[in-house]
Amino acid sequence: MPELPEVETTRRGIEPHLQGQRVERVLVRNASLRWPVPDDLDARLSGQRIRQVERRAKYLLIRAESGTLLCHLGMSGSLRLVDAATPAEKHEHIDLVLANGQALRYTDPRRFGCMLWVVEGEQHPLLATLGPEPLSNDFSAPYLQAKAKGRKAAIKPFIMDNAVVVGVGNIYASEALFSAGIDPRKAAGQVSAAKLALLVDEIKTVLARAIEQGGTTLKDFVGGDGKPGYFQQELMVYGRAGLPCHTCGHELREVKLGQRSSVFCGACQR
DNA sequence: AAATATACCTGACTGC
DNA sequence: TGCAGTCAGGTATATT
(Lines give C-alpha, C1' and ligand atoms only; values in the text may rest on other atoms or scores of the structure.)
Protein backbone atom coordinates (compact mmCIF):
# COMPACT_ATOMS: atom_id res chain seq x y z
CA MET A 1 0.00 0.00 0.00
CA PRO A 2 1.49 3.27 -0.97
CA GLU A 3 2.55 5.06 2.16
CA LEU A 4 4.16 8.47 2.02
CA PRO A 5 7.60 7.22 0.89
CA GLU A 6 6.05 5.37 -2.02
CA VAL A 7 4.05 8.42 -3.02
CA GLU A 8 7.12 10.64 -2.87
CA THR A 9 9.08 8.07 -4.86
CA THR A 10 6.32 8.06 -7.45
CA ARG A 11 6.40 11.84 -7.61
CA ARG A 12 10.13 11.84 -8.21
CA GLY A 13 9.82 9.08 -10.76
CA ILE A 14 7.14 10.66 -12.91
CA GLU A 15 7.83 14.38 -12.66
CA PRO A 16 10.79 14.45 -15.08
CA HIS A 17 8.63 12.78 -17.71
CA LEU A 18 5.68 15.11 -17.25
CA GLN A 19 7.22 18.51 -16.73
CA GLY A 20 6.59 20.74 -19.73
CA GLN A 21 4.64 18.07 -21.59
CA ARG A 22 1.31 18.83 -23.20
CA VAL A 23 -1.69 16.68 -22.38
CA GLU A 24 -3.38 15.54 -25.55
CA ARG A 25 -6.37 13.91 -23.91
CA VAL A 26 -7.52 12.06 -20.84
CA LEU A 27 -8.81 8.56 -21.33
CA VAL A 28 -11.01 7.32 -18.53
CA ARG A 29 -11.88 3.64 -18.86
CA ASN A 30 -13.34 3.27 -15.41
CA ALA A 31 -14.50 6.37 -13.56
CA SER A 32 -15.62 4.66 -10.38
CA LEU A 33 -12.82 5.31 -7.95
CA ARG A 34 -13.34 6.42 -4.36
CA TRP A 35 -15.22 9.35 -5.84
CA PRO A 36 -16.29 9.41 -9.49
CA VAL A 37 -13.67 10.79 -11.84
CA PRO A 38 -15.23 14.03 -13.16
CA ASP A 39 -16.67 13.44 -16.60
CA ASP A 40 -15.32 16.74 -17.84
CA LEU A 41 -11.75 15.92 -16.87
CA ASP A 42 -10.69 15.49 -20.47
CA ALA A 43 -12.20 18.86 -21.41
CA ARG A 44 -10.59 20.57 -18.45
CA LEU A 45 -7.08 19.25 -18.90
CA SER A 46 -6.55 18.56 -22.58
CA GLY A 47 -4.27 20.92 -24.44
CA GLN A 48 -2.52 22.13 -21.32
CA ARG A 49 1.09 21.79 -20.32
CA ILE A 50 2.04 20.16 -17.05
CA ARG A 51 4.11 22.52 -14.95
CA GLN A 52 5.18 20.30 -12.09
CA VAL A 53 4.22 17.47 -9.80
CA GLU A 54 3.94 18.17 -6.08
CA ARG A 55 2.98 16.09 -3.09
CA ARG A 56 0.89 16.96 -0.04
CA ALA A 57 0.42 14.13 2.45
CA LYS A 58 -0.26 11.12 0.22
CA TYR A 59 -1.87 13.21 -2.47
CA LEU A 60 -0.07 13.95 -5.72
CA LEU A 61 -0.78 17.34 -7.25
CA ILE A 62 -0.19 17.45 -10.96
CA ARG A 63 -0.10 21.14 -11.75
CA ALA A 64 -1.32 22.23 -15.15
CA GLU A 65 -2.07 25.68 -16.53
CA SER A 66 -5.67 26.20 -15.45
CA GLY A 67 -5.82 23.85 -12.51
CA THR A 68 -4.47 20.83 -10.71
CA LEU A 69 -5.09 17.15 -10.98
CA LEU A 70 -5.47 15.85 -7.43
CA CYS A 71 -4.56 12.21 -7.28
CA HIS A 72 -4.46 9.65 -4.48
CA LEU A 73 -3.17 6.11 -4.96
CA GLY A 74 -5.38 4.65 -2.27
CA MET A 75 -4.04 1.32 -1.14
CA SER A 76 -3.31 -0.38 -4.38
CA GLY A 77 -2.78 2.40 -6.88
CA SER A 78 0.25 3.21 -8.98
CA LEU A 79 1.27 5.56 -11.77
CA ARG A 80 3.79 4.93 -14.50
CA LEU A 81 4.64 6.07 -17.99
CA VAL A 82 3.88 3.82 -20.90
CA ASP A 83 3.79 4.12 -24.64
CA ALA A 84 0.28 5.45 -25.30
CA ALA A 85 -0.34 2.56 -27.70
CA THR A 86 0.22 -0.08 -25.01
CA PRO A 87 -3.06 -1.97 -24.54
CA ALA A 88 -4.57 -1.35 -21.11
CA GLU A 89 -5.00 -4.24 -18.72
CA LYS A 90 -7.86 -4.91 -16.41
CA HIS A 91 -7.19 -2.43 -13.61
CA GLU A 92 -5.56 0.29 -15.66
CA HIS A 93 -8.33 2.83 -15.33
CA ILE A 94 -6.97 6.14 -16.60
CA ASP A 95 -4.45 7.43 -19.16
CA LEU A 96 -3.15 10.97 -19.39
CA VAL A 97 -2.13 10.83 -23.01
CA LEU A 98 0.75 13.18 -23.73
CA ALA A 99 1.55 14.87 -27.02
CA ASN A 100 4.90 13.06 -27.12
CA GLY A 101 3.25 9.66 -27.54
CA GLN A 102 3.62 8.57 -23.95
CA ALA A 103 0.85 8.23 -21.40
CA LEU A 104 0.74 8.50 -17.64
CA ARG A 105 -1.22 5.39 -16.74
CA TYR A 106 -3.13 5.03 -13.48
CA THR A 107 -3.65 1.50 -12.15
CA ASP A 108 -5.70 0.71 -9.06
CA PRO A 109 -7.21 -2.76 -8.51
CA ARG A 110 -9.07 -1.82 -5.34
CA ARG A 111 -10.16 1.58 -6.58
CA PHE A 112 -9.62 3.27 -3.22
CA GLY A 113 -7.77 6.10 -4.91
CA CYS A 114 -9.09 9.24 -6.58
CA MET A 115 -8.47 11.54 -9.54
CA LEU A 116 -10.06 14.94 -9.11
CA TRP A 117 -9.77 18.34 -10.71
CA VAL A 118 -9.10 21.51 -8.73
CA VAL A 119 -9.54 24.84 -10.51
CA GLU A 120 -6.53 27.16 -10.34
CA GLY A 121 -6.63 29.35 -7.27
CA GLU A 122 -9.03 27.14 -5.35
CA GLN A 123 -8.22 24.87 -2.47
CA HIS A 124 -9.74 21.43 -2.38
CA PRO A 125 -11.58 20.55 0.86
CA LEU A 126 -9.58 17.31 1.04
CA LEU A 127 -6.44 19.33 1.69
CA ALA A 128 -7.98 21.87 4.04
CA THR A 129 -7.66 20.11 7.37
CA LEU A 130 -4.38 18.30 6.95
CA GLY A 131 -1.73 18.55 9.66
CA PRO A 132 1.96 19.26 9.00
CA GLU A 133 4.20 17.25 6.72
CA PRO A 134 6.20 14.80 8.85
CA LEU A 135 9.51 15.76 7.26
CA SER A 136 8.97 19.49 7.63
CA ASN A 137 10.15 21.64 10.53
CA ASP A 138 6.52 22.24 11.44
CA PHE A 139 6.41 18.69 12.73
CA SER A 140 8.53 19.10 15.84
CA ALA A 141 8.73 17.91 19.43
CA PRO A 142 7.07 21.07 20.81
CA TYR A 143 4.30 20.74 18.23
CA LEU A 144 3.53 17.11 19.03
CA GLN A 145 3.78 17.68 22.77
CA ALA A 146 1.24 20.50 22.57
CA LYS A 147 -1.02 18.50 20.29
CA ALA A 148 -0.95 15.41 22.53
CA LYS A 149 -1.69 17.27 25.72
CA GLY A 150 -4.81 15.91 27.38
CA ARG A 151 -5.59 13.53 24.54
CA LYS A 152 -6.90 10.17 25.62
CA ALA A 153 -6.69 8.41 22.28
CA ALA A 154 -4.00 5.74 22.06
CA ILE A 155 -0.74 7.11 20.69
CA LYS A 156 -0.80 4.91 17.58
CA PRO A 157 -4.14 6.02 16.12
CA PHE A 158 -3.20 9.52 17.31
CA ILE A 159 -0.13 9.73 15.08
CA MET A 160 -2.09 8.15 12.24
CA ASP A 161 -4.61 10.99 12.45
CA ASN A 162 -4.12 13.26 9.43
CA ALA A 163 -5.03 16.30 11.49
CA VAL A 164 -2.05 15.60 13.76
CA VAL A 165 0.55 14.73 11.15
CA VAL A 166 0.04 13.46 7.61
CA GLY A 167 1.43 10.44 5.86
CA VAL A 168 2.02 8.10 8.79
CA GLY A 169 0.25 4.87 7.90
CA ASN A 170 -0.02 1.64 9.83
CA ILE A 171 3.37 0.29 8.87
CA TYR A 172 5.46 3.34 9.67
CA ALA A 173 3.43 4.16 12.79
CA SER A 174 4.14 0.66 14.08
CA GLU A 175 7.83 0.84 13.25
CA ALA A 176 8.36 4.35 14.66
CA LEU A 177 6.66 3.44 17.93
CA PHE A 178 8.89 0.40 18.25
CA SER A 179 12.01 2.48 17.61
CA ALA A 180 10.90 5.04 20.17
CA GLY A 181 10.07 2.34 22.73
CA ILE A 182 6.48 3.47 23.17
CA ASP A 183 3.55 1.15 23.88
CA PRO A 184 1.09 1.83 21.03
CA ARG A 185 -1.85 1.51 23.45
CA LYS A 186 -0.71 4.31 25.73
CA ALA A 187 -2.87 7.45 25.77
CA ALA A 188 -1.19 10.17 23.71
CA GLY A 189 -1.47 12.61 26.61
CA GLN A 190 0.30 10.17 28.93
CA VAL A 191 3.42 9.72 26.84
CA SER A 192 6.34 11.66 28.31
CA ALA A 193 7.64 14.76 26.55
CA ALA A 194 10.98 13.04 26.06
CA LYS A 195 9.39 10.04 24.36
CA LEU A 196 7.24 12.25 22.15
CA ALA A 197 10.39 14.08 21.08
CA LEU A 198 12.02 10.74 20.33
CA LEU A 199 8.91 9.66 18.40
CA VAL A 200 9.10 12.75 16.21
CA ASP A 201 12.70 11.87 15.39
CA GLU A 202 11.89 8.24 14.67
CA ILE A 203 9.01 9.10 12.37
CA LYS A 204 11.25 11.42 10.38
CA THR A 205 14.04 8.86 10.30
CA VAL A 206 11.94 5.91 9.22
CA LEU A 207 10.21 7.91 6.49
CA ALA A 208 13.39 9.53 5.23
CA ARG A 209 15.17 6.19 5.07
CA ALA A 210 12.29 4.63 3.16
CA ILE A 211 12.31 7.49 0.64
CA GLU A 212 16.04 7.13 0.27
CA GLN A 213 15.68 3.43 -0.45
CA GLY A 214 12.90 4.17 -2.86
CA GLY A 215 15.31 6.32 -4.79
CA THR A 216 17.94 3.63 -5.04
CA THR A 217 16.24 0.24 -5.13
CA LEU A 218 13.37 1.57 -7.12
CA LYS A 219 11.38 0.61 -9.91
CA ASP A 220 11.05 1.61 -13.38
CA PHE A 221 8.49 4.34 -13.95
CA VAL A 222 8.86 4.13 -17.68
CA GLY A 223 7.64 1.01 -19.37
CA GLY A 224 8.11 -1.11 -16.25
CA ASP A 225 5.66 -1.99 -13.53
CA GLY A 226 5.69 1.39 -11.83
CA LYS A 227 5.76 -0.19 -8.42
CA PRO A 228 8.07 1.53 -6.02
CA GLY A 229 10.38 -0.67 -3.98
CA TYR A 230 7.75 -1.27 -1.38
CA PHE A 231 8.92 -1.90 2.12
CA GLN A 232 12.45 -2.75 1.27
CA GLN A 233 13.43 -1.70 4.69
CA GLU A 234 13.61 -4.25 7.42
CA LEU A 235 10.47 -4.30 9.43
CA MET A 236 10.98 -4.81 13.15
CA VAL A 237 7.35 -5.40 14.17
CA TYR A 238 4.86 -4.87 11.35
CA GLY A 239 3.54 -8.22 10.15
CA ARG A 240 5.62 -10.10 12.73
CA ALA A 241 2.99 -10.94 15.36
CA GLY A 242 3.95 -14.09 17.28
CA LEU A 243 7.56 -13.92 16.15
CA PRO A 244 10.45 -13.01 18.44
CA CYS A 245 11.45 -9.36 18.87
CA HIS A 246 14.62 -8.66 16.93
CA THR A 247 15.94 -6.72 19.89
CA CYS A 248 15.09 -8.83 22.95
CA GLY A 249 13.57 -12.08 21.70
CA HIS A 250 10.28 -11.51 23.49
CA GLU A 251 7.27 -12.73 21.51
CA LEU A 252 5.63 -9.85 19.63
CA ARG A 253 1.98 -9.18 20.49
CA GLU A 254 -0.87 -8.01 18.31
CA VAL A 255 -3.79 -5.83 19.38
CA LYS A 256 -6.47 -3.82 17.58
CA LEU A 257 -6.32 -0.07 17.96
CA GLY A 258 -8.85 2.05 16.13
CA GLN A 259 -9.79 -0.96 13.97
CA ARG A 260 -6.17 -1.37 12.88
CA SER A 261 -3.93 -4.25 13.82
CA SER A 262 -0.93 -3.20 15.83
CA VAL A 263 2.08 -5.36 16.54
CA PHE A 264 4.49 -4.44 19.33
CA CYS A 265 6.99 -5.80 21.82
CA GLY A 266 5.62 -5.86 25.35
CA ALA A 267 9.14 -5.74 26.73
CA CYS A 268 10.72 -3.01 24.59
CA GLN A 269 7.70 -0.73 24.32
CA ARG A 270 6.31 0.87 27.47
C1' DA B 1 -14.54 18.46 20.68
C1' DA B 2 -13.03 14.06 20.55
C1' DA B 3 -13.52 9.23 20.13
C1' DT B 4 -15.38 5.54 17.65
C1' DA B 5 -17.56 3.13 13.93
C1' DT B 6 -18.59 2.56 9.02
C1' DA B 7 -18.06 2.46 4.16
C1' DC B 8 -15.58 2.00 0.01
C1' DC B 9 -13.23 -2.54 -2.96
C1' DT B 10 -10.86 -6.58 -4.44
C1' DG B 11 -6.68 -9.62 -4.20
C1' DA B 12 -4.85 -12.97 -1.29
C1' DC B 13 -5.48 -16.30 1.78
C1' DT B 14 -8.10 -19.90 4.76
C1' DG B 15 -11.05 -23.69 5.53
C1' DC B 16 -14.11 -26.92 3.87
C1' DT C 1 -10.53 -28.00 -7.79
C1' DG C 2 -13.62 -24.77 -6.35
C1' DC C 3 -16.32 -22.10 -3.52
C1' DA C 4 -17.58 -19.23 0.39
C1' DG C 5 -15.81 -16.51 3.90
C1' DT C 6 -12.35 -13.39 6.08
C1' DC C 7 -8.99 -9.89 6.17
C1' DA C 8 -6.26 -5.84 5.04
C1' DG C 9 -5.92 -1.03 4.68
C1' DG C 10 -6.20 5.08 3.81
C1' DT C 11 -9.25 8.20 4.78
C1' DA C 12 -13.68 10.66 4.51
C1' DT C 13 -17.76 10.72 6.87
C1' DA C 14 -21.39 9.60 10.05
C1' DT C 15 -22.51 8.63 14.77
C1' DT C 16 -22.08 8.68 19.58
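Let us look at the structure shown here. Just so it is clear, the model here is predicted, and its values are computed rather than measured.

### What about the pairing of strand S5 (residues 78-83)?
With respect to burial, S5 is a largely interior element, five of its six residues being buried. As defined by bridge partners, S5 adjoins strand S7 (residues 102-107) across six bridges and the pair is classed as antiparallel. Its bridge partner lying in S7, Leu79 is registered against Tyr106.

### Thoughts on the sheet that holds S7
Spatial strand order, S1-S6-S7-S5: four strands in an open sheet with antiparallel pairing. The open sheet has two edge strands with one neighbour each: strand S1 (23-28) and S5. The mean angle between the axes of side-by-side strands here comes to 20 degrees, regardless of whether they run parallel or antiparallel. Here S1 runs beside strand S6 (residues 92-98); their pairing, made up of five bridges, is antiparallel. For Val28, the partnering residue across the bridge sits in S6 and is Ile94. The sheet strands contacting helix H1 (residues 4-18) are S5, S6 and S7, and the helix crosses S5 at an angle near 30 degrees.

Cut-offs and rules
Residues numbered from 1 in each chain as written. Chains lettered and ligands numbered in written order. Predicted model: local features only at pLDDT ≥ 70, side-chain atom pairs only at ≥ 80, totals over all residues. Heavy atoms only, no water. Buried < 20%, exposed > 50% of the residue type's maximum accessible area, 1.4 Å probe, protein only. Helix = DSSP H or I, 4+ residues; strand = E, 2+ residues; numbered from the N terminus. Pairing = 2+ DSSP bridges. Axes fitted to C-alpha atoms, helices over the stretch in contact; angles between N-to-C directions. Contact = heavy atoms within 4.5 Å.

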